[in-house]
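Next come the chains, spelled out residue by residue.
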Amino acid sequence: MKMTQFVDLLVIDGPDKGMRFSIEQGSFRIIGKREEPSIKENLIETEINRSLNADQQEIIYLHLKNFSNPSLLQYQPRGPDILLNDPSVNRIHAMVLFDEQTTSIADLISNEGIFVQKKQINQANLQNNDVISIGNSKLMIFI
């Protein structure tokens, strides 16, 4: 019996300090900003704003193609599923991929970029205990 494996992202600094997010092997998660919808916004408008644009979908597809086997992963165009309460994070900021070969991250055309071990990157492989800076938040990865 094969056990499901996970990697964890622990927020070590920022508004969500102490929060932990898990990523199941063979999938990826999209990181974005949690936004409270105003009373004037309706659900449809909120969902449209959270959808990936064509450029972001292309980045995800190319990242999966370069770092993994896209057919093995649970890919579907969607909005963020790791939501941070950090106003300096974009609505859709980055993706983290975890599969049998690698754990990696890609910037999804964010305004401020992402940093791994204080170095700005567009995409990179991640190692255990790497610190990822997204906006004013820092997350540590446990592989």
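The notes below deal with the structure included here. As the structure is a computational prediction, the values presented were derived from the model and not from experiment.

### Topic: the overall build of the protein
Here comes step 1: Counting secondary structure elements, the protein contains two helices and eleven strands.
Here comes step 2: Across the protein, helices and strands are ordered from the amino to the carboxyl terminus as β-β-β-α-α-β-β-β-β-β-β-β-β.
Here comes step 3: Looking at the protein as a whole, 47% of its 143 residues qualify as buried.
Here comes step 4: When contacts within the protein are restricted to residue pairs at least 6 apart in sequence, those whose partners lie at least 24 apart make up 59%.

### Observations regarding the sheet that holds strand β10 (residues 131–134)
Here comes step 1: In spatial order, the strands read β2-β1-β11-β10-β7-β8; together these six strands make up an open sheet with antiparallel pairing. The open sheet has two edge strands, β2 (20–24) and β8 (119–121), and neither has a second partner. Averaged over all adjacent pairs, the angle separating strand axes in this sheet is 30°, with direction ignored.
Here comes step 2: In this sheet, β8 lies alongside strand β7 (residues 114–116) in antiparallel orientation, the contact comprising three bridges. Its bridge partner lying in β8, Ile 114 is registered against Ile 121.

### Some remarks on the pattern of salt bridges
Here comes step 1: The final tally for this structure, using the stated rule, is two salt bridges.
Here comes step 2: The salt bridge partner of Arg 20 is Asp 8, with a shortest N-O separation of 3.4 Å. One end of the pair, Arg 20, is in strand β2; the other, Asp 8, is in strand β1 (residues 6–13), and twelve residues separate them in sequence.
Here comes step 3: Classification of Arg 20 as partly exposed rests on a relative accessible area of 46%.
Here comes step 4: The residue Asp 81 makes a salt bridge to Arg 29 at a minimum N-O spacing of 3.6 Å. You can see Asp 81 sitting in the loop between α2 (54–67) and β4 (82–84) and its partner Arg 29 sitting in strand β3 (residues 27–33), a full 52 residues away along the chain.

### Focus on the sheet that holds strand β5 (residues 94–98)
Here comes step 1: With respect to topology, five strands assemble into an open sheet ordered β4-β3-β5-β6-β9, the strand pairing being mixed. Unpaired on one side and paired on the other, β4 and β9 (123–125) mark the two borders of the sheet. On average, each strand axis in the sheet is inclined to that of its neighbour by 20°, with strand direction left out of account.
Here comes step 2: Sheet analysis places β3 next to β5, joined by five bridges and oriented antiparallel. Residue pairing in the sheet places Phe 28 in a bridge with Leu 97 of β5.

### Some words on the nonpolar core
Here comes step 1: Judged by nonpolar contacts, the single largest core of 22 residues is most densely connected at Leu 9, Leu 84, Val 96, Ile 105 and Ile 134.
Here comes step 2: At the level of secondary structure, the elements contributing two or more residues to this core comprise β1, β2, β4, β5, β7, β10 and β11 (137–142).
Here comes step 3: Those residues within four positions of Leu 9 in sequence are excluded, and the remaining contacts are Met 19, Arg 20, Phe 21, Ile 23, Ile 31, Ile 82, Val 96, Ile 132, Leu 139, Met 140 and Ile 141.

What counts and what doesn't
- Residues numbered from 1 in each chain as written.
- Predicted model: local features only at pLDDT ≥ 70, side-chain atom pairs only at ≥ 80, totals over all residues.
- Heavy atoms only, no water.
- Helix = DSSP H or I, 4+ residues; strand = E, 2+ residues; numbered from the N terminus.
- Buried < 20%, exposed > 50% of the residue type's maximum accessible area, 1.4 Å probe, protein only.
- Contact = heavy atoms within 4.5 Å.
- Pairing = 2+ DSSP bridges.
- Axes fitted to C-alpha atoms, helices over the stretch in contact; angles between N-to-C directions.
- Salt bridge = Lys/Arg side-chain N within 4 Å of Asp/Glu carboxyl O.
- Core = buried A, V, L, I, M, F, W, Y, C linked by side-chain atoms within 4.5 Å.

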